[in-house]
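Letter by letter, the chains look like this.
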Amino acid sequence: MSTTESISKFSEDTCNLHEQVEKIKGFLSSKVPNVGHALFLRDQLQAEILANELINIKPYPQPQQMKNQTSKQVQTQTSQVSNQPPSSIPAVPSPNPTILLFPNSTSSDMINLQTKIDSNVNLKELIKSKSPAKRLPSLIVHNVPSSTTEETLQEALRDQLHLSAPLNLRFKFRGTIQDTSNWVFEASASILQSTLKIQKLHIGWSMFKIKEFFHIKRCNFCHAFGHTTKDCTYQIPSCGSCAGHHATQDCLSQTICCVNCFESNLFTGTLHPITHPAWDRQCPFYQKEKQQYCSSRDYN
């Protein structure tokens, strides 16, 4: 492609992207904002921007292409490179195709990007896309005394779940009772089915709750999902109980209101129920996070 054609193509793509942005603005600034359609166009726009960037990737010349060049062309190219200062010589691109790892999600931006790649001859030759392998789900044993060793816990799991090998310990964290820990193990779907039957794990004379564990992040500062408190960028806290601008432990209100559902209804026009705390397991936002987590786990 010549320089003139490249500039023309770039200008055309830029105009198309600007048109998309104006459409999104139009849907959001109307008397009755169509947020759903605006989000759909935004996903399309993101896919187009990434696709346009990927189209500019050029494959490294294959041996056959190098063979077809005359000795004079090779000498000219070599002299051009040797005359450049070391800092200006670009790194040699890999001849292997780029691999994009897509999360196991049905989000429209991923689908749009995949469609763009599949419909473009240049991208199909350069890019292979695949989803990462699904991980095993997890189970949790609640409030085990801190003095309990992993060996003791593994022995109880092996005997009561009829295991042929010890489970892989993922991590443990502080329990809700003083001097206890919650233990999280990786487990197959069949082992999870066994935990549903016993529900309690016997260790000595004590019983401990055992169930599936969902790796879901929720911030205790702003109560949004997807990050933890240490990564939160907000400066003012949100109450997980009443949605007010104060820490949850300082709440004096008798009103129960989910901050996530309330803000979603306010800013995007959804109609989620709000009379529940942010940590409620029936909250639409929690259910969405749980669904995304489950889609990344192997339950077969």
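Residues numbered from 1 in each chain as written. Predicted model: local features only at pLDDT ≥ 70, side-chain atom pairs only at ≥ 80, totals over all residues. Heavy atoms only, no water.

Per an unreviewed UniProt entry, the chain goes by Pre-C2HC domain-containing protein and derives from Araneus ventricosus.

Visitor: Sorry, what's going on with the overall build of the chain here?
Guide: From N to C terminus, the chain includes 10 helices and seven strands. In the chain, which comprises 300 residues, the proportion classed as buried is 27%. When contacts within the chain are restricted to residue pairs at least 6 apart in sequence, those whose partners lie at least 24 apart make up 57%. Summing over all exposed atoms, the chain offers an accessible surface of approximately 20,400 Å²; the carbon and sulfur share of this is 55%. (Helix = DSSP H or I, 4+ residues; strand = E, 2+ residues; numbered from the N terminus. Buried < 20%, exposed > 50% of the residue type's maximum accessible area, 1.4 Å probe, protein only. Contact = heavy atoms within 4.5 Å. Areas by Shrake-Rupley, 256 points an atom, 1.4 Å probe, with all protein chains shown as cover.)

Visitor: Got a minute to help me understand the packing of aromatic side chains in this structure?
Guide: Aromatic rings considered in pairs are described by the distance between their centres and by the relative angle of their planes. A full pass over the atoms with the stated rule returns six aromatic pairs. Seen in terms of ring centroids, F171 and F173 are 6.1 Å apart; in terms of plane orientation they differ by 35°. Their pairing is tilted. Classification of F171 by relative accessible area gives partly exposed; the value is 30%. For the pair F214 and Y293, a centre-to-centre distance of 5.8 Å together with 90° between the ring planes defines the contact as edge-to-face. Of this pair, F214 sits in the loop between β7 (206-213) and α9 (259-268) while Y293 sits in helix α10 (residues 284-295), and the two are 79 residues apart along the sequence. Of the residues examined, Y293 reaches a relative accessible area of 6% and is grouped as buried. (Phe/Tyr/Trp six-rings, centres within 6.5 Å; stacked < 30°, edge-to-face > 60°.)

Visitor: Any chance you could explain a nonpolar patch on the surface here in plain terms?
Guide: Together, F262, L266 and F267 line one region of the surface with nonpolar side chains, adding up to about 340 Å² of accessible area. The residue F262 is located in helix α9 in this model. (Patch = residues over 30% accessible without salt bridge, like charges linked within 9 Å, V, L, I, M, F, W, Y side chains within 5 Å. Salt bridge = Lys/Arg side-chain N within 4 Å of Asp/Glu carboxyl O.)

Visitor: What's the story with the pairing of β7 in this structure? I'm lost.
Guide: Direction of pairing for strand β3 (residues 138-145) relative to β7: antiparallel, over a ladder of four bridges. The partner of I140 across the bridge, within β7, is K211. Where strand β6 (residues 200-203) folds back onto β7 in an antiparallel hairpin, the turn is made up of two residues, including G204, whose phi is positive at roughly 65°. (Pairing = 2+ DSSP bridges.)

Visitor: Can you help me understand the pattern of salt bridges in this one?
Guide: For side chains of opposite charge, pairing can occur when their charged atoms come near one another. Evaluated as defined, the whole model comprises three salt bridges. Taking the shortest distance from any N to any O, the salt bridge between E186 and R135 comes out at 3.4 Å. Taken together, the positions of E186 in strand β5 (residues 180-186) and R135 in the loop between β2 (127-130) and β3 put the pair 51 residues apart, joining distant regions of the chain. Across the pair K230 and D231 runs a salt bridge whose closest N-O atoms are separated by 3.5 Å. For K230, a relative accessible area of 72% gives the class exposed. What makes D231 partly exposed here is its relative accessible area of 44%.

Visitor: Looking at this structure, I do not really get the environment of L196. What am I missing?
Guide: Relative to the assigned elements, L196 resides in helix α8 (residues 189-198). L196 sits in the exposed class, given a relative accessible area of 55%. As for L196 and I210, which are separated by 14 residues in sequence, their C-alpha atoms are 8.2 Å apart.

Visitor: What should I look at first to understand α8 in this one?
Guide: Side chains that are three or four residues apart share a direction in an α-helix, a result of its 3.6 residues per turn. Burial in α8 covers these residues: A189, I191, L192 and T195. All buried residues of α8 fall inside an arc of 155° around its axis, so they share one side. Opposite the packed face of α8, turned more than 90 degrees from it, sit the exposed residues S190 and K197. As for α8, its buried residues are in contact with β3, α7 (150-161) and β7. (Arc of directions from axis to C-beta.)

Visitor: I would appreciate a short explanation of the state of the cysteines in the present structure.
Guide: Two cysteines joined by a covalent bond between their sulfur atoms form a disulfide. What the rule picks out here adds up to zero disulfides. This cysteine, C222, is not joined by any disulfide, and C232 carries the nearest cysteine sulfur, 3.8 Å off. The exposure class assigned to C222 is buried, which follows from its relative accessible area of 6%. A disulfide-free cysteine, C283 has its sulfur positioned 3.8 Å from the sulfur of C261, the nearest such atom. (Disulfide = S-S within 2.5 Å.)

Visitor: Got a minute to help me understand the side chain of S238 in this structure?
Guide: Within the secondary structure, S238 is located in the loop between β7 and α9. Taking the relative accessible area as the measure of exposure, S238 reaches 8% and is therefore buried.

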